[in-house]
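Chain residues, written in single-letter form:
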Amino acid sequence: MNASSARGACPSLQAPMQTGDGLLARILPAGPMKLKALAGLCASARVHGNGTMEISARGSIQVRGLTSASAPPFATAVSALGFEISNGVPVIASPLGDEPSALIDADALARELRQAIAAARLALVPKFSVIVDGGGRLHLDTLNSDIRVRALATADGPLLHVMLAGDGTTASPLGAVARDEVCDAVLRLLALIAAHGPEARAAGVLRRLGIAAFQDAIGSHIVSGLHPPSRLLAEVVGTHCLKDDLYALGIGFALGHTEAGTLRALADIARAHGGSWALPAPDRTLLLGPFKRTTVKTIRDEARRLGFAVDPTDPRRRVVACPGTPACASGLIASREIAADLARDLPLSGDGIALHVSGCAKGCAHPTPTPLTIVGTARGAGIVCCGTARATPSAYADAADLAEEIDRIIETREAVDA
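Note that this is a predicted model, so its numbers are computed, not measured.

(A) Looking closely at the pairing of strand β18 (residues 370–377). With seven of eight residues buried, β18 lies mostly within the body of the structure. With seven bridges connecting them, β18 and strand β19 (residues 380–387) associate as antiparallel partners. Among the inter-strand pairings, Leu372 is bridged to a residue of β19, identified as Cys385. Between β18 and β19, which pair antiparallel one after the other, the connecting turn spans two residues.

(B) Spatial organisation of helix α3 (residues 106–120). Helix length check: α3, at 15 residues, gives a terminal C-alpha distance of 21 Å against a target of 21 Å (1.5 Å per residue), a fit within 8%. Among the residues of α3, those classed as buried are Ala106, Asp107, Leu109, Ala110, Leu113, Arg114, Ala116 and Ile117. On the buried face of α3, the contacting elements are β6 (91–93), β7 (130–133), β8 (145–152), β9 (159–166) and α4 (182–194). Sitting at the head of α3, Asp105 places a side-chain oxygen 3.1 Å from the backbone nitrogen of Asp107. Phi turns positive one or two residues past the end of α3, at Arg121, with a value near 55°.

(C) Highlighting the packing of aromatic side chains. Within the structure shown, the criterion is met by one aromatic pair. Measuring from ring centre to ring centre gives 5.6 Å for Phe253 and Phe308, while their planes differ by 50°; the resulting arrangement is tilted. With Phe253 in the loop between β12 (247–252) and β13 (257–259) and Phe308 in the loop between α8 (293–305) and β16 (319–321), this pair connects stretches of sequence that are 55 residues apart. Phe308 matches Phe253 in its accessibility class, with the two residues each being buried. Over the ring of Tyr396 we find Arg379; its NZ or CZ atom is 3.8 Å from the centre of that ring.

(D) Here's a closer look at the nonpolar core. Judged by nonpolar contacts, the single largest core of 41 residues is most densely connected at Ile27, Leu38, Met53, Phe74 and Leu286. If we ignore the near neighbours within four places in the chain, the residues touching Met53 are Leu41, Cys42, Ala45, Ile61, Gln62, Val63, Phe253, His257, Thr258, Ala260 and Leu263. Counting residues in each nonpolar core, the second largest holds 38 residues, with Ala106, Ile147, Val205 and Ala217 among its members.

(E) Local environment of the packing of helix α1 (residues 35–48) against helix α2 (residues 71–79). Running from N to C, α1 and α2 point in directions that differ by 170°, and their axes come no closer than 10 Å. Viewed along their axes, α1 and α2 adopt a mutual orientation that is roughly antiparallel. Where α1 abuts α2, its residues Leu41, Ser44, Ala45 and His48 lie against Pro73, Phe74, Ala77 and Val78. Classifying every residue of the contact of α1 with α2 gives six nonpolar, two polar and no charged.

(F) Seen up close, the pattern of salt bridges. Taken as a whole, this structure holds 19 salt bridges when the rule is applied. Arg231 serves as the salt-bridge partner of Asp133, at 2.8 Å between the closest nitrogen and oxygen. Placement of Asp133 in strand β7 and of Arg231 in the loop between α6 (211–218) and β11 (238–241) is noted, with a sequence separation of 98 residues between them. Classification of Asp133 as buried rests on a relative accessible area of 2%. For Arg231, a relative accessible area of 22% corresponds to the partly exposed category.

What counts and what doesn't
Residues numbered from 1 in each chain as written. Predicted model: local features only at pLDDT ≥ 70, side-chain atom pairs only at ≥ 80, totals over all residues. Heavy atoms only, no water. Buried < 20%, exposed > 50% of the residue type's maximum accessible area, 1.4 Å probe, protein only. Helix = DSSP H or I, 4+ residues; strand = E, 2+ residues; numbered from the N terminus. Pairing = 2+ DSSP bridges. Expected span 1.5 Å × (residues − 1). Contact = heavy atoms within 4.5 Å. Polar contact = N/O pair within 3.5 Å; in protein donor to acceptor, adjacent residues only side chain to side chain. Phe/Tyr/Trp six-rings, centres within 6.5 Å; stacked < 30°, edge-to-face > 60°. Lys NZ or Arg CZ within 6 Å of the ring centre and 35° of its normal. Core = buried A, V, L, I, M, F, W, Y, C linked by side-chain atoms within 4.5 Å. Axes fitted to C-alpha atoms, helices over the stretch in contact; angles between N-to-C directions. Parallel < 35°, antiparallel > 145°, perpendicular 65-115°, else oblique. Nonpolar A, V, L, I, M, F, W, Y, C, P; charged D, E, K, R; others polar. Salt bridge = Lys/Arg side-chain N within 4 Å of Asp/Glu carboxyl O.

In structure tokens:
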């Protein structure tokens, strides 16, 4: 087992990445995992790591605080839990792939694609990804990917609309193919991209070759002229209908993380009330199920008691923070304590991440810009508006004075805009 440190590399179970609080292992389950397996994962995170667990923006489980000595036995323990892990090129399926509103079983198609991609043995950059969107309510429009397929309803049954390099709005459309042709189509696209070197991404090859080269690669079976309709923002947090009058409950990890003991407690409660599986989902969420209608409120109340976000409007859903001090050796501020205070004190509403609190300028928890970023510096907490943790702060403040200083900056900007 080797710790991953190369630029552009992604951590995994077998190759955890060095961070300020030790090694971080990332695990992408290839579908729902049994609650007993989730409980076992939590136990292993406490024994071999520092007990901090996260779900990433793309729906992977992250376990922090491993060491070079504890990472191998952790990997062995996780492998023995019996749930399938997506290795190689990440193929991300829309959550609850066969829920009633879905047009196809996204989990089944994702499984076929993983097997086909593994068999093709193509050399692709670690950050390469494929998205399979079953066309249901819990879609994946906000996630960027190199290749995405989305089920569309037609008079002759569902077709799979293929797009390149972007999210559900910005990706470039190629056209649609039949369900039994989509694996071959994706493999042809992957081969075209891989031919440009192991560091190639769809966006770069698309700029170089143009859209026609990708359409030609798919072949004559592509159907053009279909335009995927726009959709409302998908919200995982809440109650979701399943088949046979059963339900799933989606919860959020407040500030993007939880403690292993807390998550295990929730898994045990869910099992005691008839649940059998858990599924990490995008936007730092977790789905639990299946439950009877009369049980959902009990699970939601227990999750709230344990500190999880059970309401989509919970302001903590709009905040992300790294461990910071004292957990992370690189941290210069207590990121998560500050984030919890600001989530309570600031008027955070709307959708998406509004506040990123980073212990240092690396910005590990959220590398893209946010409306407000707090970053640890030698001068204290730096305040960045509409930028990342790497930007130069416009002001600095002690942790106790942050909310007041942020209010002052907002008032000044509003006065200038007026």
